[in-house]
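What follows is each chain in one-letter form.
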Amino acid sequence: MARPCPGALVSKPKDLKPPSFPDPQPDLTGAALSELTLSFWAKSGQSDPTTWLSVSQHLMDAADVAGLLFDHYLSEHHRRLLASVWDGDTSKARAALVFLAGVHDVGKISLHFCCQHTGLAEFVRELGLPVPEKRDVQNREHLPHGFASQFALVDAVAAGGGERESAAQWGVIVGVHHGRYPDPAVLGVAREEYERGDGCLGSDPRWHESRQEIIRWMARRSGFPIENCAETALPELPISVAAAYSSVVVMADWLASNEDYFSLLPQEERREPLNSVKQRQRVERGWSRAKVLSPVRAPRREDANPRDHYRHRFGWGPEIQPTRAQQRAIEIVNDEDPDLMIVEAPPGSGKTELAFAAAEGLMRKRGLQGVMIALPTQATTDAMYARSVAWLESILADSPQEIGIHLAHGKNDLNEGFLSLFDRRQAPVQVYDDESGGGRENGLLASRWMALRWRATLSPVVVGTIDQVLLAALKSRHVLMRHLGLMGKVVIIDEVHAADTYMEVYLETALTWLGLYQVPVVLLSATLPSDRR
């Protein structure tokens, strides 16, 4: 069910109108940029010192990956959340996401960053722009390139006639792409360095001009309104929407920065930027190698009543009758579309099957990506993993597809069933083959990329210990990546009564975040105390 995002009503300062979106120009390449702007480096070759990536090339890669994430990884629920500030227009949400990913590293066009590699800095020195050695740049650490990107974006909006105050909210999205969330004092120091430090507009405007050139170029490429925006204001950002944009930008950056997917290019070809055909081929090749997992497609059985659903999904014979609670769970999902379900029943009464049935209905009803199942211990998590696989295989029999799954706890390398989902090339492999489909289009998959640090919740289906949910309540580096994984799923928390007083504080905060994202939660318990209920 499509629902408005909490706090998503667009309020514009001074009754300014929203900007009009131009048509995107996705075939625009680095050939449209000046020689100086093409010469700033973003990534250096560690294994091969003759390779590099320019800022413009890395930003093109990140922007194109962001578009693919929007189209193929994000759920309908994610897309509605991003579009909520654009009156539900998903084309504007996509353009905004592609643009933000496409300018997230524009702050690398700064003296504070460029000086860190004396060899690659030589490319701009050759064009007459002085770049001192790293040791000679004062207060270099005061201006991380993420903050420089943030300030440059706000400047670009203001230069195009847009309202600066509302633009500042959007600037934060690119400013935090390295997962650090600064206090105002730190940001104030960075702003001072940006405006008055080495390489600032007053000392040498060429740094500023190249940053602005990149931003305008990416705005045209993505179709985002930057130029000719007098008397307009970008919409205000609820924190839930800002978190959604920020986290997807980070994911796009991580994928585009992976040299196994997007290789560095020869430095000697730096004056010959890729044309649109080669750029499309590069992105298609990188996306194919990354094997990003798509949302689960929950099958629809219009003629099935609750009793028939349980028998079909869990292989029950006619002698087994679903409990009244199990039947009511499906009815409540269909009729009321609940945000929170609390299920209390004794052990062995079928709470797990109830939760799976509710999750399947909620995924389908809200256009969600998948499900997160959280348990108190690694042992109970392993047991639930086996039951989850059986449930998913039943879904696959009804709707052949690829379903990504991750076992999220510290000793998942001891679970042979889970390890069997990986092959030696560190790519997803097929472990279930539907008889009618065959090939690599159907099956349970596991992604090594999504199993790395900070990414435990990104797979469409995650079975893990409850800390994977509780960590979403902490102000820690890249916590928004956990949020990204949770904000498009049904969240099932089993044995919630096992949470102690300390854990309850984090659980309450995590549930608050899930409420902001309008994520449905199913809490299961055998004995839930009345005060906790």
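Calculation rules
- Residues numbered from 1 in each chain as written.
- Predicted model: local features only at pLDDT ≥ 70, side-chain atom pairs only at ≥ 80, totals over all residues.
- Heavy atoms only, no water.
- Helix = DSSP H or I, 4+ residues; strand = E, 2+ residues; numbered from the N terminus.
- Rg over C-alpha atoms; globule rule 2.2 N^0.38 Å.
- Buried < 20%, exposed > 50% of the residue type's maximum accessible area, 1.4 Å probe, protein only.
- Areas by Shrake-Rupley, 256 points an atom, 1.4 Å probe, with all protein chains shown as cover.
- Lys, Arg positive; Asp, Glu negative; His and termini not counted.
- Charge placed at Lys NZ, Arg CZ, Asp CG, Glu CD.
- Pairing = 2+ DSSP bridges.
- Axes fitted to C-alpha atoms, helices over the stretch in contact; angles between N-to-C directions.
- Salt bridge = Lys/Arg side-chain N within 4 Å of Asp/Glu carboxyl O.
- Core = buried A, V, L, I, M, F, W, Y, C linked by side-chain atoms within 4.5 Å.
- Contact = heavy atoms within 4.5 Å.
- Polar contact = N/O pair within 3.5 Å; in protein donor to acceptor, adjacent residues only side chain to side chain.

Chemist: Explanation requested: the overall build of the protein in the structure shown.
Modeler: Secondary structure summary: the protein contains 20 helices and ten strands in total. A compact globule built from 533 residues would reach a C-alpha radius of gyration of about 24 Å, and the protein, at 25 Å, matches this within 12%. With the C-alpha coordinates of the protein rotated into their principal frame, the extents come out at 85 × 55 × 45 Å. Put simply, the protein has 533 residues, and 57% of those count as buried. Total accessible area computed for the protein in this model is approximately 22500 Å², and 49% of it derives from carbon and sulfur atoms. Computed over 57 positive and 68 negative side-chain charges, the inter-centroid distance for the protein is 1 Å.

Chemist: Could you clarify how one ought to interpret the sheet that holds strand E9 (residues 489-493) in this entry?
Modeler: In sheet architecture, strand pairing relies on hydrogen bonds along the backbone and comes in two forms, parallel and antiparallel. With respect to topology, seven strands assemble into an open sheet ordered E4-E10-E9-E5-E8-E6-E7, the strand pairing being parallel. The two strands at the open ends of the sheet, each matched to only one other strand, are strand E4 (340-344) and strand E7 (443-445). Strand-to-strand twist across the sheet, computed as the mean angle between neighbouring axes with direction ignored, equals 15°. Where strand E5 (residues 370-375) meets E9, five bridges bridge the pair, whose relative direction is parallel. Across the sheet, residue Ala374 finds its bridge partner in E9, namely Ile493.

Chemist: How should the pattern of salt bridges be read in this particular structure?
Modeler: A side chain of one charge can pair with a side chain of the opposite charge if their charged atoms are brought near each other. According to the stated counting rule, one finds 25 salt bridges in the structure shown. The partner of Arg164 in a salt bridge is Asp155, with the nearest N and O atoms 3.1 Å apart. Its relative accessible area of 40% is what places Arg164 among the partly exposed residues. Of the residues examined, Asp155 reaches a relative accessible area of 13% and is grouped as buried. Of the charged contacts in the structure, one is a salt bridge between Asp337 and Arg366, with a shortest N-O distance of 2.9 Å. One end of the pair, Asp337, is in the loop between helix H14 (324-336) and E4; the other, Arg366, is in helix H15 (residues 351-366), and 29 residues separate them in sequence. A single network of salt bridges, built from pairs that share partners, joins Glu35, Glu126, Arg270 and Arg271.

Chemist: Help me understand the nonpolar core, please; the structure alone is not making it clear to me.
Modeler: Note that soluble globular proteins tend to have their nonpolar side chains buried in a common cluster. Of all hydrophobic cores here, the largest spans 120 residues; its most connected members are Leu69, Phe99, Trp170, Tyr245 and Met251. Considering every element that reaches this core, the biggest residue donor is helix H11 (residues 239-256), with twelve residues. If we skip the residues at most four places from it in the chain, Tyr245 touches Leu82, Trp86, Ala93, Ala96, Leu97, Leu100, Trp170 and Ile173. In terms of nonpolar packing, the next biggest core, distinct from the first, is built from 42 residues, Ala329, Leu407, Leu421 and Ile492 among them.

Chemist: Would you mind showing me how to read the sheet that holds strand E2 (residues 51-54) here?
Modeler: Across the sheet, which stays open at both edges, the three strands sit in the order E1-E2-E3 with antiparallel pairing between neighbours. Of all strands in the sheet, those bounded by a partner on one side alone are strand E1 (41-44) and strand E3 (265-266). The pairing of E2 with E3 spans two bridges and is classified as antiparallel. In the sheet register, Trp52 faces E3, and the bridge partner there is Leu265. Along the sheet, helix H6 (residues 118-125) contacts E1 and E2; its crossing angle with E1, the most-contacted strand, is approximately 150°.

Chemist: What's the story with the side chain of Ser54 in this structure? I'm lost.
Modeler: Relative to the helices and strands, Ser54 resides in strand E2. On the accessibility criterion, Ser54 (9% relative accessible area) is buried. Only 3.1 Å separates the side chain of Ser54 from the side chain of Ser56, close enough to count as a polar contact. At 3.1 Å, the side chain of Ser54 and the backbone nitrogen of Gln57 are in polar contact. Setting aside its immediate chain neighbours within four residues, Ser54 contacts Leu38, Phe40, Trp41 and Ala42.

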